[in-house]
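Structure assessment
The chain contents come next:
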Amino acid sequence: MSKLPFAVTRPAYVERVGLKSRDAETLAQYYEEIVGLREMARRGSSIVLGAGGRELLEIEQSSALKQDDPRSAGLFHTAFLLPERADLARWIRRAIDKQLPVAGASDHAVSEAVYLTDPDGNGIEIYTDRAPDTWQWNGDQVHMVTDAMDVNGLLQELNNAPSEWTKAPEGTVVGHVHLRVGQIQPADDWWHDELAFDTVAKYGSKAVFLSSGGYHHHIANNIWQSNSAGKRDLDRSGLSFVQINDTRDVKTRVVDDPWGNEIRINKV
């Protein structure tokens with residue numbers, strides 16, 4: 001078993017994400033071919049995907065759904081964390097060779113990330129963390145930026161690890177989830193009060209980043225597209241749930257944030 005990333009060794013962390021889709025088969029195929037996940041199970045109308053024996057994504061089929069509205073509350077992106085920097089280099093090398101469409105590539109100081117959009121319009125981040133002891137903190141606030149990724153520098157990792165990308169490796173996890181909400185302060189308050197997460201960064205009044213146990217963020221909330229959004233329409237494709245595993249003195253339960261984003265808290 002590979003050493004698990006720092007993100008999922010914290011007191012609370014994201015375990016998996018659920019999506020609803022009008023075409024679960026096509027969506028699952030995308031996550032297999034592009035992200036490198038593998039089908040692990042079928043449960044009723046849902047397809048479960050993961051990596052290294054760990055369930056990461058559950059896609060529920062419902063042909064009656066309406067298309068997700070990016071201006072509403074819901075999922076901004078699911079962030080798949082690879083265990084090694086060389087893994088991200090392998091994925092990028094394959095993306096270049098196959099001319100895979102990407103939405104962006106950034107250096108966040110704490111991490112390096114590539115962004116995609118799946119066929120249903122759900123955002124995806126594929127990233128790797130820099131060593132936690134290199135992150136810069138100002139008190140309880142972590143320093144994060146959005147700079148251009150040094151792709152050529154990243155690909156230098158392959159000089160010593162030349163194997164090709166075939167699938168998401170063992171040790172891949174959901175490192176964080178980024179949500180669309182209608183207001184930032186109520187979102188910040190809710191994650192404090194409901195799950196005792198710590199605020200670790202804010203981008204003005206537009207986004208807030210929260211975590212457990214000193215991670216750079218397990219959850220982000222933004223209003224970049226969804227300012228003043230009300231409760232989300234549950235008859236649309238997109239987010240079904242976010243599962244948080246919590247090792248602290250909590251109860252297993254299901255709660256909704258103020259915009260109807262379903263959060264499943266699993267006591268472990």
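Residues numbered from 1 in each chain as written. Predicted model: local features only at pLDDT ≥ 70, side-chain atom pairs only at ≥ 80, totals over all residues. Heavy atoms only, no water.

**Structural notes on the overall build of the protein**
Using the following cut-off: A helix here means a DSSP run of H or I that spans at least four residues, while a strand means a run of E at least two residues long, and both kinds are numbered starting from the N terminus. For this measure, only C-alpha atoms enter the radius of gyration; the expected value for a globule follows 2.2 Å times N^0.38, where N is the number of residues. Partly exposed describes any residue whose relative accessible area lies between the buried limit of under 20% and the exposed limit of over 50%, with all areas from a 1.4 Å probe on protein chains only and scaled to the type maximum. Contact criterion: two residues are considered in contact whenever any of their non-hydrogen atoms come within 4.5 Å of each other. Computed by Shrake-Rupley with a 1.4 Å probe, the accessible areas treat only the displayed protein chains as cover when residues are assessed.
Helix and strand counts for the protein come out as four helices and 18 strands. Compactness check: the protein gives a C-alpha radius of gyration of 18 Å against a globular reference of 18 Å for 268 residues, within 12% of the reference. Dimensions of the protein along its principal axes, counting C-alpha atoms only, are 50 × 50 × 35 Å. In the protein, which comprises 268 residues, the share counted as buried stands at 53%. The long-range share in the protein, meaning contacts at least 24 apart out of those at least 6 apart in sequence, stands at 67%. Summed over all atoms, the accessible surface of the protein reaches about 11,700 Å², with 46% contributed by carbon and sulfur.

**Comments concerning helix 1 (residues 24-35)**
An α-helix turns once per 3.6 residues; consequently, residues spaced three or four apart project the same way. Stated precisely, the cut-off is as follows: Given the number of residues in a helix, its expected span is that number minus one, multiplied by 1.5 Å. Here the arc refers to the directions that run from the helix axis out to each C-beta atom.
The end-to-end C-alpha separation of helix 1 is 15 Å, in line with the 16 Å expected for twelve residues at 1.5 Å each. Within helix 1, the full set of buried residues consists of A24, L27, A28, Y30, Y31, I34 and V35. The buried residues of helix 1 occupy an angular sector of 155° when the element is viewed end-on, so they sit on one face. One or two steps after helix 1, the chain reaches G36, where phi turns positive at roughly 95°.

**Quick notes on the environment of V268**
With respect to the helices and strands, V268 occurs in the segment after strand 18 (262-267). Note on V268: relative accessible area 45%, which makes it partly exposed. Separated by 73 residues in the primary sequence, V268 and L195 place their C-alpha atoms 14 Å from one another. Once residues within four sequence positions are removed from consideration, V268 is found in contact with Y13, N245, D246 and T247.

**Quick word on the UniProt feature "domain: VOC" (unreviewed entry) in the protein**
In plain terms, the rule: UniProt positions are given in the numbering used here, feature names are shortened, and annotations may be inferred rather than shown by experiment.
UniProt's entry tags residues 10-129 with the feature "domain: VOC" (unreviewed entry), counted in the numbering of this structure. In residues 10-129, helix accounts for 22% and strand for 47%; the two terminal C-alpha atoms are 15 Å from one another.

**Thoughts on the packing of aromatic side chains**
The criterion, for reference: Stacked, tilted and edge-to-face pairs are distinguished by plane angle, under 30 degrees for stacked and over 60 for edge-to-face with tilted covering the rest, among Phe, Tyr and Trp rings (Trp via its six-membered ring) whose centres lie within 6.5 Å.
In this structure the tally under the stated criterion is nine aromatic pairs. Between F76 and W224, the ring centres sit 5.5 Å apart and the planes meet at 70°, which makes this aromatic pair edge-to-face. With a gap of 148 residues between them, F76 in strand 5 (residues 74-81) and W224 in the loop between strand 15 (219-222) and strand 16 (238-246) connect regions that are remote in the sequence. Here F76 falls in the partly exposed class, since its relative accessible area comes to 23%. According to the relative accessible area criterion, W224 is partly exposed, its value standing at 43%.

**Let's talk about the sheet that holds strand 16**
As a reminder, the rule being used: Paired strands, as defined in this entry, are two strands with at least two bridges between them according to DSSP. Note on method: axes are straight lines fitted to C-alpha atoms, helices fitted across the in-contact stretch only, with angles between N-to-C directions ranging 0 to 180 degrees.
Here seven strands make up an open sheet; going across it, the order is 2-3-4-1-16-18-17 and the pairing mixed. Two strands in the sheet have a free side with no partner beyond their single neighbour: strand 2 (38-43) and strand 17 (253-256). Sheet twist, expressed as the average angle between the axes of neighbouring strands with direction ignored, equals 25°. Here strand 3 (residues 46-51) pairs with strand 4 (residues 54-61) via six bridges, running antiparallel. In the strand pairing of strand 4, V48 is matched with E58. Sheet strands in contact with helix 1 are strand 1 (12-21), strand 2, strand 3 and strand 4, and its direction is about 155° off that of strand 4.

**With respect to the side chain of R90**
Rules: Here a polar contact means two N or O atoms within 3.5 Å. Within protein one must be a hydrogen donor candidate and the other an acceptor candidate, and residues neighboring in sequence count only if both atoms are side-chain atoms.
Along the chain, R90 falls in helix 2 (residues 85-98). Side-chain polar atoms of R90 contact the side chain of D87, separated by 2.9 Å. For R90, the side chain forms a polar contact with the side chain of S163, separated by 3.0 Å. With near-sequence residues (within four places) excluded, R90 lies in contact with L158, A161, S163, E164 and W165.

**Observations concerning the pattern of salt bridges**
What counts, and what does not: In the sections that follow, a salt bridge refers to a side-chain nitrogen of Lys or Arg positioned within 4 Å of a carboxyl oxygen of Asp or Glu.
Evaluation of the coordinates by the stated rule reveals 20 salt bridges. Taking the shortest distance from any N to any O, the salt bridge between E39 and R42 comes out at 2.9 Å. The partner of R85 in a salt bridge is E157, with the nearest N and O atoms 2.9 Å apart. In this pair, R85 is assigned in helix 2 and E157 in the loop between helix 3 (151-155) and strand 12 (173-180), connecting sequence segments 72 residues apart. Overall, E157 belongs to the partly exposed group, its relative accessible area being 28%. Residues joined by salt bridges that share partners form a network here, namely R85, D107, E112, R130 and E157.

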